[in-house]
Amino acid sequence: MIRRIVLENYMAHERTVIEPAEGLTVLIGPNNCGKSAVISALETLCRGTDGDFMVRHGARSASVTVETSDGHVVTWRRQGKSSYYDVDGHDLGTTGKNKKEKLEKVHGALRLDLVQVNEKDAVDVHLALQKQPIFLLSDTGSQAAGFFASSSDASKLLEMQGKHRSKVREAKGRRRTLEEERLRVAGQAEALAPLDSLRPRLEAARDEHGAMVRAREREAALEVLIGRLALAAARVAALEREGAVLRRTQPPPELAPTAPLEELLAELETWTQRRRAAEARQKGLEPLALPPILADDRPLAGLCERLGRARRRLTGCEGLATACRPLRDPPAIAETVSLERHLAARRRLTDLETRRAGDAQALAPLSAPPVLGDESRLAAVILGLQRAAARAEAQEAKQRRMAHLPGPPELAETRPLEDSIRLLAKAQAAEKKAAAAKETANAAVGEAEAAIRQWATANPTCPTCGGPVTPEHLLRHGGPAS
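Since this is a predicted model, take the numbers as computed values, not measurements. (Residues numbered from 1 in each chain as written. Predicted model: local features only at pLDDT ≥ 70, side-chain atom pairs only at ≥ 80, totals over all residues. Heavy atoms only, no water.)

Draft legend 1. View of the sheet that holds strand β4 (residues 73–79). Across the sheet, six strands lie side by side as β2-β1-β3-β4-β5-β6; this open sheet has antiparallel pairing. Because the sheet does not close on itself, it has two edges, and the strands there are β2 (13–18) and β6 (90–94). For this sheet the average axis-to-axis angle between neighbouring strands, irrespective of direction, equals 10 degrees. Bridge count for β4 against strand β5 (residues 82–87) is six bridges, and the pairing is antiparallel. Opposite Gln79, over in β5, you have Ser82 as the bridge partner. Across the face of the sheet, helix α2 (residues 99–110) comes into contact with β3 (61–68), β4, β5 and β6 while running at roughly 45 degrees to β5. (Pairing = 2+ DSSP bridges. Helix = DSSP H or I, 4+ residues; strand = E, 2+ residues; numbered from the N terminus. Axes fitted to C-alpha atoms, helices over the stretch in contact; angles between N-to-C directions. Contact = heavy atoms within 4.5 Å.)

Draft legend 2. Region of interest: the pairing of strand β1 (residues 2–10). In terms of strand pairing, β1 meets β3 through six bridges, oriented antiparallel. Directly across from Ile5, in β3, lies its bridge partner Val66. Two elements, β1 and β2, share five bridges in a ladder whose sense is antiparallel. What sits directly across from Glu8, in β2, is Arg15. Here β1 hands over to β2 after two residues, with Met11 in that stretch at a positive phi of 55 degrees.

Draft legend 3. Main features of helix α1 (residues 35–47). Here α1 is 13 residues long and its end C-alpha atoms lie 19 Å apart, about the 18 Å a rise of 1.5 Å per residue gives. Backbone geometry just after α1 places Gly48 at a positive phi near 70 degrees. (Expected span 1.5 Å × (residues − 1).)

Draft legend 4. A look at the pattern of salt bridges. Under the criterion given, the structure shown has eight salt bridges. A salt bridge links Arg182 to Glu179, with the shortest nitrogen-to-oxygen separation between them at 2.4 Å. Of this pair, Arg182 and Glu179 both sit in helix α4 (residues 154–191), three residues apart, roughly one helical turn. For Glu179, a relative accessible area of 36% gives the class partly exposed. Across the pair Arg275 and Glu279 runs a salt bridge whose closest N-O atoms are separated by 2.8 Å. You can see Arg275 and its partner Glu279 sitting in helix α6 (residues 259–285), four residues apart, about one turn around the helix. The network of salt bridges with shared partners includes Arg4, Glu19 and Glu67. (Salt bridge = Lys/Arg side-chain N within 4 Å of Asp/Glu carboxyl O. Buried < 20%, exposed > 50% of the residue type's maximum accessible area, 1.4 Å probe, protein only.)

Draft legend 5. Structural context of α6. Here α6 spans 39 Å end to end across 27 residues, near enough to the 39 Å set by a 1.5 Å rise per residue. Those residues of α6 that are buried lie in contact with α9 (376–402).

Draft legend 6. Main features of the pairing of β5. Taking every second residue as pointing to the same face, the buried face of β5 carries Ser83, Tyr85 and Val87, while none of Ser82, Tyr84 and Asp86 on the other face is buried. Taking the residues between adjacent antiparallel strands as the criterion, β4 and β5 are bridged by two residues, where Gly80 takes a positive phi near 70 degrees. In this antiparallel pair of consecutive strands, β5 and β6, the connection spans two residues, and Asp88 shows a positive phi of 55 degrees.

Draft legend 7. Examining the packing of aromatic side chains more closely. Tallying each qualifying case throughout the model produces one aromatic pair. Judged by centre distance (6.4 Å) and plane angle (75 degrees), the ring pair of Tyr10 and Trp76 falls under edge-to-face. In this pair, Tyr10 sits in strand β1 while Trp76 sits in strand β4, placing the two residues 66 residues apart along the sequence. Both residues of the pair, Tyr10 and Trp76, belong to the buried class. The side chain of Arg274 reaches across the aromatic face of Trp271, ending 4.7 Å from its centre. (Phe/Tyr/Trp six-rings, centres within 6.5 Å; stacked < 30°, edge-to-face > 60°. Lys NZ or Arg CZ within 6 Å of the ring centre and 35° of its normal.)

Draft legend 8. Region of the structure containing the side chain of His107. Residue placement: His107 occurs in helix α2. On the basis of relative accessible area, His107 is assigned to the buried category, the value being 15%. At a separation of 3.3 Å, a polar atom in the side chain of His107 contacts the main-chain carbonyl oxygen of Cys46. Setting aside anything within four residues of it in sequence, one finds His107 in contact with Cys46, Arg47, Leu112 and Asp113. (Polar contact = N/O pair within 3.5 Å; in protein donor to acceptor, adjacent residues only side chain to side chain.)

Draft legend 9. Region of the structure containing the packing of α6 against α9. Two elements in contact, α6 and α9, have axes whose closest approach is 10 Å; the angle formed by their N-to-C orientations is 140 degrees. Relative to α9, the element α6 is oriented oblique. Of the two possible hands of crossing, α6 and α9 adopt the one that is left-handed. Across from Leu268, Trp271, Arg274, Arg275, Ala278, Arg281 and Leu285 in α6, the residues of α9 making contact are Leu385, Ala388, Arg391, Gln395, Lys398, Gln399 and Met402. Looking at the contact of α6 with α9 residue by residue, the class counts come to seven nonpolar, two polar and five charged. (Parallel < 35°, antiparallel > 145°, perpendicular 65-115°, else oblique. Left-handed = near helix turned anticlockwise from the far one by under 90°. Nonpolar A, V, L, I, M, F, W, Y, C, P; charged D, E, K, R; others polar.)

If you want it as structure tokens, here you go:
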């Protein structure tokens, strides 16, 4: 049994996959949608049809693949001017060489080959094209007999014939049963024939009952409308009285703009806070003592500079003495130049020692330089005092500039005015709401009057008491004229 059919670039099919269901599979669709191409693809696969008409327009190759339920996969492929077969993964090459042997392998996997009737004729019992005659019906009796004599599927055809006869018998039995059922139903219909005469009376009774139900519904709706009309009239009267009272009220006075006063108050509050902060900082700095007065350190700086120069000279003398210490003793060989150098070096050494002794004697009365403390904290305190003094001075200047300003005016109590404005707004909203309700009520009254007039025109006689009904009397008194 075929489980899967794949068409790629075959005639109208770019890529189509068909998986037949168990039993019967039907392909439906409009004309020229590719139904017949599926049968043509199976015929091409089973017969090795020559030509390139089946290659889709614009494509270079076309292929047809069929997978069976027993695991066989057969592929036919057309590329260029040659066709190729592939059976279960084995490439059989082009169909031009040994075509009969290759088709036998294809038929061995698919079992869709022709049934040979005789040496010349063969019948295709698997594929039937659309324009060909019905199988065996257009053939001669000898051809049909030869087919049944040579076909291996004759037993299946006979079995199909037996099933057809069985279905015919079942259809005849079902026809008899349906005929009996028809007769029984006809008898019942004949017994119920007098009911047709009752149909007009029943429909008239139904129409009359529907009219009565609609009349009751309209009556109930009119009663609701009359009640709503009375409530709307009462609300309109109450709103008119309230509007008459509100029309006598005076409009609220126009308030002067308060934005400049609010800005002045905000600025005053800001400067007050800044003054309080400056007073607090000033109060926090009062316990601190004044910074000490620094003495003139220029003599001390000059003394330190001279001391440094003396120390550098002393260090140079000590180095020179160290260098000249080997020259204290004269050399063993008396040479004039060496002796002169030796004497000169001795003289320089003597001068250096004398100068060193003099420098030491000059520096002896001096005391050690004082140790300077950490002045960063003192500098920070001084800077803070200077900034606080500057802020205090600026605050005093601002206070002097603001001394001639008058104090803020006393605000009057605005709660009564706010209550009056709120009551006026509420009254105006109520008046607008009352006007809208009045318009709605007037519209409802108009609709109710129109509905009452329409009902009175359609029902000139009261369905309850039988008296005459006129629209004017019904609107005025709510009942019939008598």
